[in-house]
Structures are given as C-alpha cells and as structure tokens.
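Topology and contacts: notes
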Amino acid sequence: MPTPKRQISPASLAIATGLCTLLVGIFLVIGLKRSQHPSEAPAEVNVTDAKISPLLPQAPAQRAIPLAALAQLEKSQTGNRARYLLAADQIQQRQGEKALTSLQGLEQDYPLLGPEILVKRAQAYELSGNQAEATATWQDLLNRYPDQPAVAEALYALGRAQPQYWDQAIARFPAHPRTIEIAQARLKQNPKQPQLLLLLAKHALYLPDITAILDRLASEYKDQLTPADWEAIAFGYWQKQAYGKAGAAYALAPRTPLNAYRTGRGLQLDSKDQQAVQAYQRMVALFPTAKETPKTLIRLAGLLPAKQALPSLDRAIQISPAAQAGEALLAKLNLLDSLNSLQAAAQARQLLLTTYTKTDAAAEFRWFEAQKRAESQDVAGAVKWAQQITLHNPDSELAPQATFWTGKWADQIGSESTAKRAFKQVLANYPESYYAWRTAALQGWSVGDFTTVRHLSPAVVKSNQRLALPAGSATLRELYQLRQDQDAWVRWQWEHQNRVEPTPAEQLTDGLLRLEIRDNLAGIFLVSDLASRSRSEPESLGQYQAWQQQPEYWQALYPLPYLETVQDWSQQRDLNPFLVMALIRQESRFQPAIRSSAGAVGLMQVMPGTASWIAGQAKLSRYSLEQPQDNIKLGTWYLDYTHQEYNNNSMLAVASYNAGPGSVAGWVQKEGLSDPDEFVEAIPFPETKGYVKAVFENYWNYLRLYNPDIAQLLQKQS
C-alpha cells in the first residue's frame, strides 16, 4: 500500500475556507499619481468583429492565411486588428521582416494600440538584425508616448546598453514587469540593495521567491524601514498567508483600523493568543467606530473567558451592521448556553430569529436545530427548521444543503409534495451547488451517481467566448479581447492602483487576467471570492448577480486546462474525464509545479513515495511529477486504483484519494453505506468531507457548463 497523498491544505489553496475570507486584493497600492485612474475607465471594448472573433482561439499557423486576407481590408477596424494579430504571430515565430510589413503605418490607422504597435516594430527590427532601426523605434516610442506603460519596454531595451534608462524605468514605472526584471538583474549583481528589495515587495508578489525577499527586508534592514515600508511587507506576508509574520509587520505599520485588526488576527492565527488579545484591545481603543471594529470585537470575544467575552459581543451587536450583529448575537447565544443562562439565551435566540432573521448567523442556528432534530429522529421537526432557511436565508451558504435535505427528509416521512418542491428549488436556485448534482442524480438524470459516475464519458463542448473585462482602460480591454493576454496582464500591472482594497470590478478583472496567463490559483480565488463579497457587501450584490447570469463567468471559474491530456488518460483508465478534471481543480488549481506542505507535487498532487510505488506497478522508469503528462498519468493510475479498492464507488475512491484507504475503510465499517448522502455528512475528517463535496461539485459544474444535454435540462428547471 503506498503512502497516501494529501491534498494541499486549504490555506495553501486559498479557496473557500475561513482563511480565504481574510484575503482582500492581490498586491499593494502602487502610489503612482496620474491624472486619470485607468482602471475606472467607463468605456467598454468588446471584439464583436464577426470575422476576427472565430480566429482568436486558433494557433498562429492555422490562422495565418485568413488573417493575411483580412489584413488587406484597408481603413477598417477588422483590417487593423488582423494586421496587429498577424504581426504578433510573426514575431512569435521569429519572422521579423514579415512582421515589419504587417506593421507598416499601422499606428496611424489603429491609435488605440499605437504604443504597442511601436513595441512590436522594435521587436521585429531586433529579430531582423537591424539594431539601429530598433533603437530608433524605441526612442520614437519614448518621444511619442512618454506616459504610456509601453515606454517601460523601451527603457528596458535601451538600458541594456545605457544603464541610465533602467534608472528611469525604476523611477517612472516601478510596477511594470520589465522594471521587476531590472530590479532582479541588479540584485543578482549586488544583493544588498534594500530599495530594490522594497520595490519587489510592493509590486511583485507574484514572484515565486517573494517570501524570502520579505524575510530579508524584515531581518537585514529592519532598522532602515519606514512605517509605510512595514505596511508593504505586512501586506505581502498576508497575501502569502504567513500570518504570524504579517501580524508582527503590521504592528510597525501606520496605525489604521485595518492594520490594527490584522496585527491581532495575524498573532491569533500564529497561535499567540495572549498577544492577540492585547492587540485587539488596542485596536478597539484606538478605533472605536471603524468598520473593522465589530469584527475585532467578535475575534476578541473568541479568545476571552465566557463572562469576559459577553461585553465585547454586546458592544459588537450595538455598533455592527446586521450581518455582523447576527454573528455576534449567535456567539453570545452559544456563550449563554454554556453558562446555563437559560432565560438570557432564550431572549438572544428570539432576537436572532426576529430582528436578525435574514443573517447568515440565523441560518447557522436554524441548520443546527434541523440537524439536532434529525439526529433524534424528529424528521418532521428537521424539515420545519430547514424550510426556514430556504424561506428566510435563501442566499446563505447553507441554503443549498438545507433545501436538499428538506427534500430528503420530506421523502422519509412521505411528504411527496414538499420533497418535490424542495428538489425543484435546489435545481432552480442553486444550480452550481454539490446538492444540485445530488438532486439531479436522485431525479434520474444521466449525471452519474456515486456508484456509476466513473464509467460515464460525457460529451465536451468547449466555448470560445470569454467574459469581458469590467475594469481597465480601452487599450487593456482591446488587448484582452484580442487574446494578447500576456501584454494585457503586463499593462494591468501598471493600471491597477487599488490593490489593497479593489472594487469588485477590479477584482474580477484581476482574476480573469491571471487565469489567462495560467496563474490559476490566484485567478480562481479572485473570481470565486466575489460570491463572499456579495454577501458581506450588499452594494456589490447586483453587480455579482449580473456576472453570475453569464456562462462565461462560470467557465472562468471552471476552466479546462490540459483537456486533451486529461481526456486521453481518462479514456485509458476508464475514468470519467470530468471527474478527473474536477479532482485536479480541487487538488492544484491546475498549477503544474505546485507543492503542498506535505510534499505532494503537481496537478494531481501525487506524493513522491506514491509516485515511486505507482511507477513500479506500471513499469514506468522515467517521469517528472512537475510535467503535466506524467503527473496525470500517475494520478489517474492511482485514482483507478482507489476505485478498484472500493468496487468503483467514486465517493469512497475520492475520499480515499484524499485521506488514504485505511481511514475510509474504517468509516465504512462504522457508518455503513445505506444512504450515501448521510455517509458523506458523517465523514469525521472535516477536510475530507469538504474535499468530497468540492470534487463532486466541481464535477457537476463541468458537466452543466460543457455538456449540452445537461445544460438544456437545467435550463428548463430555471
């Protein structure tokens, strides 16, 4: 038996866990003053060009001839776009002379991408060996577009011969990825340059070694750092989930409510409870009315003895908006129960279910009561409590689960109409949920059940559409819609100034761009976190609901990287390709080189010891776990193995993939499998229970998004 591999911890994945809700934004504010905030530009640019759009997903060689034909359309936007795309492809293929022909005079006809066109022209001259013309073009770019981010490309190129240009790039475009390269190159020559380390700390949190850079600043240069520098370092640590280090750095940053809260929260997450209590108390004293104060009071109460905690919770209830007041009231109710203060607890319970009846805290209380009655065989009582969630808390995270179990429990007591109505509500109102899949399976849809899903091979119809960027300049949006994704992401690093607390539109834009450069871990988190924001920020709910109505939003959340490899190995292992894709999404977010804290590697998070064992069984002499082909080959072998161990029960196979065969066998022996839904809810490892639900929720979303038959069935329900 191989050593069981372990999934990446929730903190490492930064997905929908408690820690994830702490993450806001992705980088630190740039602090570069401009007359216009580019990311707030109102214009929306979409490539709806019927002739260009079908060519965008194609490879350069495949689209060369049709692009060349469209490029002949003089004085048209279609012709301009075709010429730009053709030149970009030719540069990628190192065809400098052809690219120069495609670009000739294009900046006059296509001013929206004027600076980018000069960048391409200079690159084409360099490929052609004409360095003099390349230098002249870089200089032309500096002169004609001095304030555009493309200038950083010119400064980088010119600075290879004349270092003063690199100095200009550092001074004028500190967030530009080319400037980051400059800083890295100079640090390689001379590592002891704290200002360059700070530049990376503020603007390059995407670097793999950024935590080591933050550590150097905090240890080697601590006496030279300003409070603003500490704030940048703290934010970097926070983004990398080094919460203890973040808390210590925030303590040295400027005194703001957010910094004060994170000082305490970082200490708490680092298990330094007494220091966290002191930090929280300081925060409340300094900022008694800040928006972060109610959350601080609730955290503080969780660290204090029950009687001392009650005043903090009472104050949180008084000063909080409804959602946080409900959370504080539920915490107070639990404390009063623990103190056996029955009358006060009853009053708190009544207040929670009336004044704060629509809060998530009220939903949590109702679900607790429903489960308690189900466990005591009062199924009718469980139905009544669960129905209250569907009625009063339909947007709660618990609503899909409560509505599904309303149906299950109603079936048990013979209330067919209640069950039918509940199951219909799950499919209509929560179509993206794990419980929608369970409902579809119970309704007899061809979606697979735990015992049949393995052998299904659903059709996959991939869409070529993509969600339009809701923020950013017209130039950024044009580059993105033309699928010049690396160039778009580079420009966004300059435009995106509001990085600590981005607007929902900025957060979605950031996420979409990250997905297109295959930074799927951050991209999927940023897009998925919008659901949490919509619950905590009522003003953003309408925006989120509008995005939610577009299939491209969901396809961004459930992308299909490495689809052909997954399909190939799934076919060879007789595995449902959507199930494999679902497991990869949960394990690694499609990051090929990612490593978990336990040492698991790659897309399917295979432990090296397990890989060695599999290689011996499969007679595989050479492999690399960081190579997608090898990793999927080994991971699907192991997923096939876990299926064989459990008679092709995919629920047990997936649980075993996460927790190991020994643990699952013990659970089966204790709980039995008479009702698989009850078995899932009874899994004693919270990580594995969440893992099983997440994998099958992923599976269901891939099915509903990319299989036309299921999509049509679901559409009828809504």
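These remarks concern the structure in this document.

The rules behind each value
- Residues numbered from 1 in each chain as written.
- Predicted model: local features only at pLDDT ≥ 70, side-chain atom pairs only at ≥ 80, totals over all residues.
- Heavy atoms only, no water.
- Helix = DSSP H or I, 4+ residues; strand = E, 2+ residues; numbered from the N terminus.
- Rg over C-alpha atoms; globule rule 2.2 N^0.38 Å.
- Buried < 20%, exposed > 50% of the residue type's maximum accessible area, 1.4 Å probe, protein only.
- Contact = heavy atoms within 4.5 Å.
- Lys, Arg positive; Asp, Glu negative; His and termini not counted.
- Charge placed at Lys NZ, Arg CZ, Asp CG, Glu CD.
- Phe/Tyr/Trp six-rings, centres within 6.5 Å; stacked < 30°, edge-to-face > 60°.
- Lys NZ or Arg CZ within 6 Å of the ring centre and 35° of its normal.
- Arc of directions from axis to C-beta.
- Axes fitted to C-alpha atoms, helices over the stretch in contact; angles between N-to-C directions.
- Parallel < 35°, antiparallel > 145°, perpendicular 65-115°, else oblique.
- Nonpolar A, V, L, I, M, F, W, Y, C, P; charged D, E, K, R; others polar.
- Salt bridge = Lys/Arg side-chain N within 4 Å of Asp/Glu carboxyl O.
- Left-handed = near helix turned anticlockwise from the far one by under 90°.
- Polar contact = N/O pair within 3.5 Å; in protein donor to acceptor, adjacent residues only side chain to side chain.
- Core = buried A, V, L, I, M, F, W, Y, C linked by side-chain atoms within 4.5 Å.

**Notes on the overall build of the protein**
The helix and strand inventory of the protein stands at 40 helices and zero strands. Taken over the C-alpha trace, the protein has a radius of gyration of 28 Å; the compact-globule value for 718 residues is 27 Å, and the two agree within 12%. Judged by the C-alpha coordinates and their principal axes, the protein covers about 85 × 60 × 50 Å. Scored against the burial criterion, the 718 residues of the protein give a buried share of 55%. A fraction of 58% describes how many contacts in the protein between residues 6 or more apart in sequence connect residues 24 or more apart. Positive and negative charge centroids in the protein, built from 70 and 68 side chains respectively, lie 2 Å apart.

**Remarks on the packing of aromatic side chains**
This model, assessed by the stated rule, comprises 29 aromatic pairs. Both rings, one in Trp 238 and one in Tyr 243, keep their centres 4.9 Å apart while their planes meet at 80°; by these two values the pair is edge-to-face. For Trp 238, a relative accessible area of 0% translates into the label buried. The exposure class assigned to Tyr 243 is buried, which follows from its relative accessible area of 6%. Measuring from centroid to centroid gives 5.9 Å for Phe 365 and Trp 385, while their planes differ by 80°, and the two rings are edge-to-face. Of this pair, Phe 365 sits in helix α21 (residues 360-375) while Trp 385 sits in helix α22 (residues 379-392); the two residues are 20 residues apart in sequence, bridging distant segments of the chain. Put simply, the rings of Trp 367, Phe 404, Trp 405, Trp 409, Phe 423, Tyr 434, Tyr 435, Trp 437, Phe 450, Phe 696 and Tyr 699 touch in pairs and so form one group of aromatic residues. When the ring centre of Tyr 156 is taken as origin, the NZ or CZ atom of Arg 178, which lies over that ring, is 4.4 Å away. Lying over the aromatic face of Trp 437, Arg 438 brings its terminal NZ or CZ to 5.1 Å of the ring centre.

**What to know about helix α4 (residues 96-103)**
Among the residues of α4, Gly 96, Ala 99, Leu 100, Ser 102 and Leu 103 are the ones counted as buried. Looking straight down α4, one finds that the buried residues subtend no more than 160° of arc, so they occupy a single side. Exposed side chains of α4 directed beyond 90 degrees from the buried face belong to Glu 97, Lys 98 and Thr 101. Looking at the packing, one finds that the buried side of α4 touches α3 (77-92), α5 (106-109) and α6 (114-127). After α4 finishes, the residue Gly 105 shows a positive phi value of roughly 70°.

**Examining the packing of helix α36 (residues 650-659) against helix α37 (residues 661-671)**
Helices that pack against each other are described as a pair by the angle of their axes relative to one another and the distance between those axes. Orientation of α36 relative to α37, taken along the N-to-C sense of each, is 135°, at an axis distance of 7 Å. Accordingly, the angle class assigned to the pair α36 and α37 is oblique. Only Pro 661, Ser 663, Val 664, Trp 667 and Val 668 of α37 make contact with α36, whose side of the interface consists of Leu 652, Ala 655, Ser 656 and Ala 659. Its residues placed into classes, the contact of α36 with α37 shows seven nonpolar, two polar and no charged.

**Describing the pattern of salt bridges**
Note on pairing: side chains with opposite charge can pair once their charged atoms come close. For the structure shown, the criterion picks out 35 salt bridges. The salt bridge involving Glu 126 is made with Arg 160; its shortest N-O contact spans 3.2 Å. Taken as a pair, Glu 126 in helix α6 and Arg 160 in the loop between α8 (151-159) and α9 (164-172) lie far apart in primary sequence, 34 residues in all. By relative accessible area, which is 27% here, Glu 126 ends up partly exposed.

**Focus on the packing of helix α7 (residues 131-144) against α8**
One way to put it is that α7 packs onto α8 with a least axis distance of 9 Å and a crossing angle of 140°. With respect to each other, α7 and α8 are oriented oblique. For the crossing formed where α7 meets α8, the hand is left-handed. The residues of α8 that touch α7, namely those facing Thr 135, Trp 138, Gln 139, Leu 141 and Leu 142, are Val 151, Glu 153, Ala 154, Leu 155, Ala 157 and Leu 158. The class makeup of the residues in the contact of α7 with α8 is eight nonpolar, two polar and one charged.

**Description of the side chain of Asn 393**
One can find Asn 393 in the loop between α22 and α23 (399-412). Side-chain polar atoms of Asn 393 contact the backbone oxygen of Thr 359, separated by 3.1 Å. Dropping the residues within four chain positions of it, Asn 393 is found in contact with Thr 357, Lys 358, Thr 359, Ala 362, Ala 363, Arg 366, Gln 388 and Ala 399.

**What about the nonpolar core?**
Among the nonpolar cores identified, the biggest contains 132 residues, and Trp 409, Val 447, Tyr 553, Phe 696, Trp 700 and Tyr 702 are the most heavily contacted of them. The greatest single-element share of this core, amounting to ten residues, is contributed by helix α39 (residues 686-706). Leaving out residues up to four positions away in the same chain, Tyr 553 has contacts with Leu 467, Leu 508, Val 527, Leu 530, Tyr 544, Trp 547 and Gln 548.

**Focus: the side chain of Arg 83**
Tracing the sequence through the fold places Arg 83 in helix α3. In this structure Arg 83 comes out as buried when scored by relative accessible area, which is 14%. Within the local environment of Arg 83, its side chain forms a polar contact with the backbone oxygen of Gln 104, the two atoms lying 2.4 Å apart. Excluding residues that lie within four positions of it along the chain, Arg 83 makes contacts with Ala 71, Ser 102, Leu 103, Gln 104, Gly 105, Leu 106 and Asp 109.

**Section: unusual backbone geometry**
Residues other than glycine seldom take positive phi values, yet Arg 94 does so here, at roughly 65°. Its place among the elements puts Arg 94 in the loop between α3 and α4. Accessibility expressed as a relative area gives 64% for Arg 94, which makes it exposed. A positive phi angle, close to 65°, is found at Arg 518, a residue other than glycine. Mapped onto the elements of the fold, Arg 518 is located in the loop between α28 (504-516) and α29 (520-536).

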